[in-house]
Amino acid sequence: MVSDAPPFWWTKADWRAWSLWPVSLVYGGIAGRRMARAKPPSVPVPVFCVGNFTVGGAGKTPTALAIAKAARAKGLTPGFLSRGYGGSLDVTTLVDPHHHRADAVGDEPLLLAREAITVISRRRHQGAERLVAEGVDFIIMDDGFQSARLHIDFALVVVDSGRGIGNGHIVPAGPVRAPLRQQMLQMSSLLRVGEGEAADPLVRQAARAGKPVRVASLKPGPAPEIKEKPLLAFAGIADPAKFYRTVESLGGQIALRRDFPDHHYFSEDELTDLMADADKDGLTLVTTAKDAARLAGHHGAARTLLERLKIVEVEMVFDDPQAPAKMIDEATARCRARLLTEKRNG
């Protein structure tokens, strides 16, 4: 399954959004009640959730990676818990980036597994227990903020300053996953990513709710050899335009762009066409790390294309370099308090 959010979700609400409003009312009511009433099971280590208000990307995976690096710097053994979105495996699985393919475990878990122990599980509590059994003492949950299936000690909600929450409507009329008020109540801190004004109303709302706001931006990693080269850039992510801006910031000259749905698995014909278009005009192929992860482990055109690709990596950089460590400390303190309460009530 792949995600292809309707474009009208990211523009001012029109007749399409309003015609779906009754369905959204029901969906939002169910999602909100589930978040409010849930008493999810817990594990004996801190659980730090990186989520977002909406369907689609906002920078959760780079944020999760940044938190893991900060946790390791504090002497912790972090591990990632993911649902494995886009993968076919429906059993709790320890991800091996050298063995598994994205179509089995999802593209994001493959990226996470390069940094720390990663488990995918549709059953969050079971996955968390597997991580603890593997020696993890700090769990970072990539997404799952609204799922209410595992006790969360700290919830960092990521919002893109360029897109915000789109038209503000709840699924299916818009991209919002649950009533915003309920999400704000459950949130520990808001992370505003990038430039733009779309996140400003959320920042003000978080401030009124007494929730701290952190600021960060996505920065490209070591630049591939694309400066001043004519490029064919392609991406199957939630916001391809963001990737293209990154490529251009590195000096790449994009001659052709090819957009695909988020988490898209490329067909042999699509891959062959990409290479043919690049060859026709003498262009260098460039894509995201997430798209490259979906090509890894395959044969034929996927392997050929992967060998030719230039891959642009990005990392989340906090304006306050100490922000990740401070949030990790808060998650750890909340976990200790929770465990004491559980022991007293035990």
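This write-up is about the structure you can find in this document. (Residues numbered from 1 in each chain as written. Predicted model: local features only at pLDDT ≥ 70, side-chain atom pairs only at ≥ 80, totals over all residues. Heavy atoms only, no water.)

1. Section: the overall build of the protein
Now for step 1: Per the secondary structure count, the protein includes 13 helices and 13 strands.
Now for step 2: With the C-alpha coordinates of the protein rotated into their principal frame, the extents come out at 70 × 50 × 40 Å.
Now for step 3: The buried share among the 346 residues of the protein stands at 51%.
Now for step 4: At a minimum sequence separation of 6, the contacts of the protein that also span at least 24 residues come to 76%.
Now for step 5: By element, 53% of the accessible surface of the protein is carried by carbon and sulfur atoms, the whole surface being about 15800 Å². (Helix = DSSP H or I, 4+ residues; strand = E, 2+ residues; numbered from the N terminus. Buried < 20%, exposed > 50% of the residue type's maximum accessible area, 1.4 Å probe, protein only. Contact = heavy atoms within 4.5 Å. Areas by Shrake-Rupley, 256 points an atom, 1.4 Å probe, with all protein chains shown as cover.)

2. Some remarks on unusual backbone geometry
The bulk of non-glycine residues show a negative phi, and the bulk of peptide bonds are trans.
Now for step 1: In this structure, P172 follows V171 across a cis peptide bond, with omega equal to 5 degrees.
Now for step 2: Relative to the assigned elements, P172 resides in the loop between β6 (154-160) and α7 (180-186).

3. Looking at the packing of aromatic side chains
Now for step 1: Applying the stated rule across the entire model yields five aromatic pairs.
Now for step 2: Arranged with centres 6.1 Å apart and planes meeting at 45 degrees, the rings of F48 and F138 form a pair that is tilted. You can see F48 sitting in strand β1 (residues 47-51) and its partner F138 sitting in strand β5 (residues 138-142), a full 90 residues away along the chain.
Now for step 3: The class of F138 is buried, set by a relative accessible area of 0%.
Now for step 4: Ring geometry for F243 and Y244: centres 5.7 Å apart, planes at 55 degrees, overall tilted. (Phe/Tyr/Trp six-rings, centres within 6.5 Å; stacked < 30°, edge-to-face > 60°.)

4. Regarding the nonpolar core
Now for step 1: F53, L81, I139, M187, L190 and L202 are the most contacted members of the largest nonpolar core, which has 31 residues in total.
Now for step 2: Elements with a contribution of two residues or more to this core: α2 (21-37), β1, α6 (124-133), β5, β6, α7 and α8 (200-208).
Now for step 3: Contact partners of F53, with chain neighbours within four places excluded, come to Q146, V157, I165, P175, V176, R177, L180, Q183, M184, M187, L190 and L202.
Now for step 4: Formed by 27 residues, the second largest nonpolar core is a distinct cluster that contains A64, A66, V193 and M316. (Core = buried A, V, L, I, M, F, W, Y, C linked by side-chain atoms within 4.5 Å.)

5. Structural notes on a nonpolar patch on the surface
Now for step 1: Taken together, W18, W21 and L25 make up a surface patch of nonpolar side chains, about 370 Å² in accessible area.
Now for step 2: Mapped onto the fold, L25 is located in helix α2. (Patch = residues over 30% accessible without salt bridge, like charges linked within 9 Å, V, L, I, M, F, W, Y side chains within 5 Å. Salt bridge = Lys/Arg side-chain N within 4 Å of Asp/Glu carboxyl O.)

6. Here we look at the pattern of salt bridges
A side chain of one charge can pair with a side chain of the opposite charge when the charged atoms of the two come close.
Now for step 1: A full pass over the atoms with the stated rule returns 18 salt bridges.
Now for step 2: Between D107 and R294 there is a salt bridge, and its shortest N-O distance comes to 2.6 Å. Of the two residues, D107 sits in helix α5 (residues 107-113) while R294 sits in helix α11 (residues 289-295), which places them 187 residues apart along the sequence.
Now for step 3: The exposure class assigned to D107 is buried, which follows from its relative accessible area of 0%.
Now for step 4: Put simply, D153 and R338 hold a salt bridge, and the shortest N to O gap is 2.8 Å. Placement of the pair is D153 in the loop between β5 and β6 and R338 in helix α13 (residues 323-345), with a sequence separation of 185 residues.

7. Description of the packing of helix α3 (residues 60-73) against α13
Now for step 1: Viewed as axis vectors pointing N to C, α3 and α13 meet at an angle of 75 degrees, and their least axial separation amounts to 9 Å. The angle between α3 and α13 falls in the class roughly perpendicular. Along its contact with α3, which presents I67, A70 and A71, the element α13 presents P324, A325, M327 and I328.
Now for step 2: Among the residues forming the contact of α3 with α13, the class breakdown is seven nonpolar, no polar and no charged. (Axes fitted to C-alpha atoms, helices over the stretch in contact; angles between N-to-C directions. Parallel < 35°, antiparallel > 145°, perpendicular 65-115°, else oblique. Nonpolar A, V, L, I, M, F, W, Y, C, P; charged D, E, K, R; others polar.)

8. A word on the sheet that holds strand β4 (residues 117-120)
Now for step 1: Spatially, the nine strands line up as an open sheet ordered β3-β4-β2-β5-β1-β6-β7-β8-β13, and their pairing is mixed. Strands with a single pairing partner mark the edges of an open sheet, and in this sheet they are β3 (93-94) and β13 (314-318).
Now for step 2: As judged from the four bridges shared by strand β2 (residues 78-82) and β4, these two strands associate in the parallel manner. By the bridge assignment for β4, L81 is matched with V119.
Now for step 3: Docked against the sheet, α8 engages β6, β7 (189-193) and β8 (213-220), running at close to 160 degrees with respect to β7. (Pairing = 2+ DSSP bridges.)

Note that all results are geometric; they support no functional claim without further evidence.
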